[in-house]
Amino acid sequence: MSLFGATGSIGEQTVELLLRAGGAEAFGVVALTGGRNLARLADMARALRAEIAVCAEPSDLAELRARLAGSGIEAAAGPDAIAEAADRPADWVMSAIVGAAGLVPGFRALRHGATLALANKESLVTAGPLLMAEAARHGARILPVDSEHSAIFQALVGEDIAAVERIILTASGGALRDWPLEALAKATVAEALAHPNWAMGQRITIDSASMFNKALEVIETREFFGVAPDQIEVIVHPESLIHSMVGFRDGAIMAHLGAPDMRHSIGYALNWPERAELPVARLDLAQIATLSFRAPDLQRYPALRLAREVMARRGLAGAAFTAAKEVALDHFLAGEIGFMDMSAVVETVLEGLNRDFGTNSAIMTLEDVQGMDHLARMRAGEIARARAGER
Ligand code: NAD
Ligand code: MG
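Residues numbered from 1 in each chain as written. Chains lettered and ligands numbered in written order. Predicted model: local features only at pLDDT ≥ 70, side-chain atom pairs only at ≥ 80, totals over all residues. Heavy atoms only, no water.

Caption draft 1: Broad picture of the overall build of the protein chain. The helix and strand tally for the protein chain stands at 17 helices and eleven strands. Expressed as lengths along the three principal axes of its C-alpha atoms, the size of the protein chain is roughly 60 × 50 × 40 Å. Looking at the protein chain as a whole, 55% of its 391 residues qualify as buried. For the protein chain, restricting intrachain contacts to residue pairs at least 6 apart in sequence, the fraction spanning at least 24 positions comes to 68%. (Helix = DSSP H or I, 4+ residues; strand = E, 2+ residues; numbered from the N terminus. Buried < 20%, exposed > 50% of the residue type's maximum accessible area, 1.4 Å probe, protein only. Contact = heavy atoms within 4.5 Å.)

Caption draft 2: Molecular detail of the site of ligand 1. Close to ligand 1 lie 22 residues; Thr 7, Ser 9, Ile 10, Gly 35 and Glu 122 are nearest. One of the side-chain N or O atoms of Glu 122 is found 2.7 Å from an oxygen atom in ligand 1. Within the complex, 82% of the 820 Å² of free accessible area of ligand 1 lies under protein. Residue composition of the shell around ligand 1, grouped by class: eleven nonpolar, eight polar and three charged. (Near = heavy atom within 4 Å. Polar contact = N/O pair within 3.5 Å; in protein donor to acceptor, adjacent residues only side chain to side chain. Areas by Shrake-Rupley, 256 points an atom, 1.4 Å probe, with all protein chains shown as cover. Nonpolar A, V, L, I, M, F, W, Y, C, P; charged D, E, K, R; others polar.)

Caption draft 3: Representation of the packing of aromatic side chains in the model. Considering all chains together, one arrives at five aromatic pairs under this definition. Between the aromatic rings of Phe 212 and Phe 321, the centroid separation amounts to 5.7 Å while the plane-to-plane angle is 45°, which identifies the pairing as tilted. Of the two residues, Phe 212 is situated in helix H11 (residues 212-225) and Phe 321 in helix H15 (residues 317-333); the sequence distance between them amounts to 109 residues. Owing to a relative accessible area of 1%, Phe 212 belongs among the buried residues under this scheme. Clustering of aromatic rings is evident, with ring pairs tying together Phe 153, Phe 224, Phe 225 and Tyr 268. (Phe/Tyr/Trp six-rings, centres within 6.5 Å; stacked < 30°, edge-to-face > 60°.)

Caption draft 4: Spotlight on the pattern of salt bridges. Applying the stated criterion across every chain yields a total of 30 salt bridges. For Glu 63, the salt bridge goes to Arg 67, with nearest N and O atoms at 2.9 Å. Of this pair, Glu 63 and Arg 67 both sit in helix H4 (residues 61-67), separated by four residues, roughly a single helical turn. Using a relative accessible area of 38% as the deciding quantity, one classes Glu 63 as partly exposed. A salt bridge links Glu 309 to Arg 305, with the nearest nitrogen and oxygen atoms 3.7 Å apart. With Glu 309 and Arg 305 both in helix H14 (residues 302-313), this residue pair falls four residues apart, about one helical turn. Each of Lys 121, Asp 146, Glu 148, Lys 214 and Glu 217 takes part in one network of salt bridges that share partners. (Salt bridge = Lys/Arg side-chain N within 4 Å of Asp/Glu carboxyl O.)

Caption draft 5: Geometry of a nonpolar patch on the surface. A grouping of Leu 257, Leu 283, Leu 285, Leu 291 and Phe 293 is seen on the molecular surface, where their side chains present a nonpolar patch of about 410 Å² in accessible area. With respect to the helices and strands, Leu 283 occurs in the loop between helix H12 (262-271) and helix H13 (285-288). Residue Leu 283 is classed as partly exposed on the basis of its relative accessible area, which comes to 30%. (Patch = residues over 30% accessible without salt bridge, like charges linked within 9 Å, V, L, I, M, F, W, Y side chains within 5 Å.)

Caption draft 6: Expanded view of the domain arrangement of the protein chain. Taken domain by domain, the protein chain holds domain 1 (2-144), domain 2 (150-260) and domain 3 (314-390). The C-alpha centroid of domain 3 is placed 27 Å from the C-alpha centroid of domain 1. Both faces considered, domain 1 and domain 3 share a buried interface measuring about 940 Å² in area, 74% of it formed by carbon and sulfur atoms. Seen at the junction of domain 1 and domain 3, the total is zero salt bridges. At the junction of domain 1 and domain 3, the tally comes to one residue pair in polar contact (both at pLDDT 80 or more). Elements that contribute at least two residues to the side of domain 1 that touches domain 3 include exactly helix H6 (103-110) and helix H7 (121-138). The leading source of residues in the side of domain 1 that touches domain 3 is H7, at six residues. For the side of domain 1 that touches domain 3, the per-class residue count stands at eight nonpolar, two polar and one charged. (Domains from an automatic or database assignment. Buried area = accessible area lost by both parts, 1.4 Å probe.)

Spelled out as structure tokens, the structure:
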């Protein structure tokens, strides 16, 4: 197996489960990749006796090599090296790099027919049709790791997708869900990071507060399960105990419940099609007593409205959406634009690209996706800087 993004939140939890299940004795680990936390990457590579460890920055190579000295583990660095690590055959591959950088390694891992445990939802949003076709071509299988999609996947075991009437994605509403609407424009990074239920990476936590994360997940649902956009609903469920639901044409709804702990969906993908014991808390329903729901307010969460537009256009709109969102998030994290400016930046980028390229921007190759990613990033940067200047 190989783990991409091993040093992140999903990566760490994956490593924890692997070590619990026997570590290097039980699994043949090929590649581990990380960003700039070289000490942690080297420790993991030693603990799991990986063949190769790859870090994101070419300038970090000497240090990574030094940290692996005497272990016999190869070291490499840079995006090309990460992509090449994905060419090494592995039976199970975790795709847990955050953002558009996760697309190429996941795509290349599919070429040797691996089971791809996909945490990197951005891959499906930017290049869903390409990724699904690549998996089919090589007999590879994609297993969702996002908790909602794992829940849906589990609710669909033994079912015919044609009998599905609707898919209901649950959303916690994020850190700011109970703030007055007028106050949101002034929300700080620290405030948006105070997620009520899930402990996740910094970027996805902010995306939870803005519901850009849910917007990506709506599109991910459309691409992964092949349902129509109007079959996908979002409901705010503050307790985060129902991870999502599937409604069937006979009116039945199958809900997946559990503690909000990503080790469940990571472990499900690791053990699939079997179920193994996992170190997640068991729900005490009498103690929980009630579950609550409310409809999402689209004024509070413009990202959900934008997701509908992206699905209506499809093609390269997902790549533009993801890239613009990432740039807007960078500017918010840097304190340059406000919380609500993020959706305004993304919307302006989408409008501009739609005006210039029309709605028929078909997605043919990975290069098309990368070209749109680049263009949307440039435009989002310009728009974000202009908004920062107005503040
Ligand atoms: P994270 O920021 O904690 O970790 C990301 C990993 O990717 C790290 O190893 C980092 O070093 C690496 N990385 C970052 N930029 C890179 C680049 N340009 N090149 C190579 N490596 C790079 O993120 P995370 O929260 O673990 O999320 C990972 C993915 O899983 C995301 O797509 C996220 O949406 C998805 N996801 C996460 C959670 C969660 O609970 N954390 C839940 C559902 C889905
Ligand atoms: Mg999720």
